[in-house]
Amino acid sequence: PLPTIYAITPTYSRPVQKAELTRLANTLRQVAQLHWILVEDAAARSELVSRLLARAGLPSTHLHVPTPRRYKRPGLPRATEQRNAGLAWLRQRHRHGHGRAQPGVLFFADDDNTYSLELFQEMRTTRKVSVWPVGLVGGRRYERPVVENGKVVSWYTGWRADRPFAIDMAGFAVSLQVILSNPKAVFKRRGSQPGMQESDFLKQITTVEELEPKASNCTKVLVWHTRTEKVNLANEPKYRLDTVNIEV
Ligand code: UDP
Ligand code: MN
């Protein structure tokens, strides 16, 4: 059987949320044997996301955890608690595996990125931790792991090249086995500088030597760190509202 791909997506309420999630669902629906773990950054599961998931047409789990107010500040890492909630769910679901987990692969899929279907074929064969290039990130057209003789030897990046794993959240996948055999590995707030989340997490579960390069030895971009422009709502009415209340 194909290893199950678990995609953990943190998401938060904003004008473009439904558009982002619709686009992401349209991608993920086309991937065989994929389980979508959607984690709302909210005190409760919203109607909007519940309805969307119910109609998304793929296996999913709907979680929520609010980011404490003190962490909602520019410059601080985003979605730490949500990704950890996804990890906790995964570990709980497989707690009876006793080390011998069903084959699975975990991937952190932010709601605004762009994913090719090829990417999922590549990550499906992850044995421990696999890596690949990410487009439109770090102030460059792409960042990538530099591979020599099938091994990652350094990082092509324009930003903080001193990071032990100079890679975006969209640039790696982890086998379920590795997640279960490192039960304490989580995203940390304390002592984690901005942009160090990925590196801090990967340090807990692997080494650079162990990384498995995908996407033709990391020479192809199969995922893009796209970001959606903030919508202009300057002309929203303050009175004489529409006669119907439409979910957008
Ligand atoms: N996110 C979240 N709560 C927030 C901000 C972001 O859950 O307060 C989610 C967001 O929906 C996305 C991920 O965290 O899936 C990364 O956020 P964003 O795309 O804004 O980060 P960037 O593109 O700057 O890396
Ligand atoms: Mn983003």
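What you see is a predicted model, and the numbers here were worked out from it, not measured in a lab. In this convention, every chain numbers its residues from 1, walking through the sequence in written order. Written order determines the labels here, with chains lettered from A and ligands numbered from 1. Local features in a predicted model are, by the rule used here, given only for residues with pLDDT of at least 70; side-chain atom pairs are given and counted only at 80 or more, and totals for whole chains, interfaces and linings are based on all residues.

Lay out the sheet that holds strand β4 (residues 104-108) in plain terms, naming residues and giving numbers.
Strands are treated as partners if at least two bridges between them are detected by DSSP. The helix count covers DSSP runs of H or I at least four residues long, the strand count covers runs of E at least two residues long, and both are numbered beginning at the N terminus. Taken in spatial order, the 7 strands of this open sheet run β3-β2-β1-β4-β10-β6-β11, and their pairing is mixed. Only two strands of the sheet have a single partner each, and these edge strands are β3 (60-64) and β11 (212-213). Bridge count for strand β1 (residues 4-11) against β4 is 5 bridges, and the pairing is parallel. Bridge pairing links Thr4 to Gly104 in β4.

Which residues make up the pairing of strand β8 (residues 140-148), and what values do they have?
In the sheet, strand β7 (residues 134-137) pairs with β8 via 3 bridges, with the strands oriented antiparallel. Residue pairing for β8: Val134 is matched across the bridge by Glu143. Where β7 hands over to β8, the hairpin turn is made up of 2 residues, of which Gly138 adopts a positive phi near 65 degrees. Strand direction decides the pairing type here: β8 and strand β9 (residues 151-156), joined by 5 bridges, are antiparallel. Following the sheet pairing, Arg144 is matched in β9 by Tyr156. In textbook terms, the turn of a hairpin is the stretch between consecutive antiparallel strands, and for β8 and β9 this stretch comprises 2 residues, one of which, Asn149, has a positive phi near 50 degrees.

Which residues make up the UniProt feature "glycosylation site" (unreviewed entry) in the protein chain, and what values go with them?
UniProt positions are given in the numbering used here, feature names are shortened, and annotations may be inferred rather than shown by experiment. Under the feature "glycosylation site" (unreviewed entry), the UniProt entry names Asn217. Counting through the fold element by element, Asn217 comes out in helix α7 (residues 215-218). Any residue whose C-beta has 12 or fewer other C-beta atoms within 10 Å is treated as exposed, any with 20 or more as buried, and any in between as partly exposed, C-beta atoms being built from the backbone. Taking the C-beta count within 10 Å as the criterion, Asn217 has 17 such neighbours and is therefore assigned partly exposed.

Account for the site of ligand 1, naming residues and giving values.
Around ligand 1 lies a shell of 14 residues, among which Pro10, Tyr12, Asp41, Ala79 and Asp110 are the nearest. Among the elements that line the shell around ligand 1, the one with the most residues is β1, at 3 residues. Only the C-beta atom, placed from the backbone, is used; a residue is near a molecule or strand if that atom lies within 6 Å of it.

Which residues make up unusual backbone geometry, and what values go with them?
A positive phi angle, near 60 degrees, is found at Leu136, a position not held by glycine. Assignment of secondary structure puts Leu136 in strand β7. Judged by the 18 C-beta atoms lying within 10 Å of it, Leu136 falls in the partly exposed class. Positive phi, close to 50 degrees, is recorded for Arg160, a residue that is not glycine. As for its position among the elements, Arg160 is in the loop between β9 and β10 (172-175).

Got a sec to walk through the nonpolar core? Specific residues and values, please.
Core analysis: the largest hydrophobic core is formed by 55 residues, its most contacted members being Ile5, Tyr6, Ala7, Ile8, Val105, Leu106 and Phe107. In terms of residues, this core owes the most to one element, strand β2 (residues 34-40), which gives 5 residues. Once C-beta atoms have been placed from the backbone, residue pairs whose C-beta atoms lie within 7 Å are recorded as contacts. Those residues in contact with Ala7, other than ones at most four positions away along the chain, are Leu28, Leu34, Trp36, Ile37, Phe107 and Ala109. Definition of nonpolar core: a set of buried Ala, Val, Leu, Ile, Met, Phe, Trp, Tyr and Cys residues joined via C-beta atoms within 7 Å.

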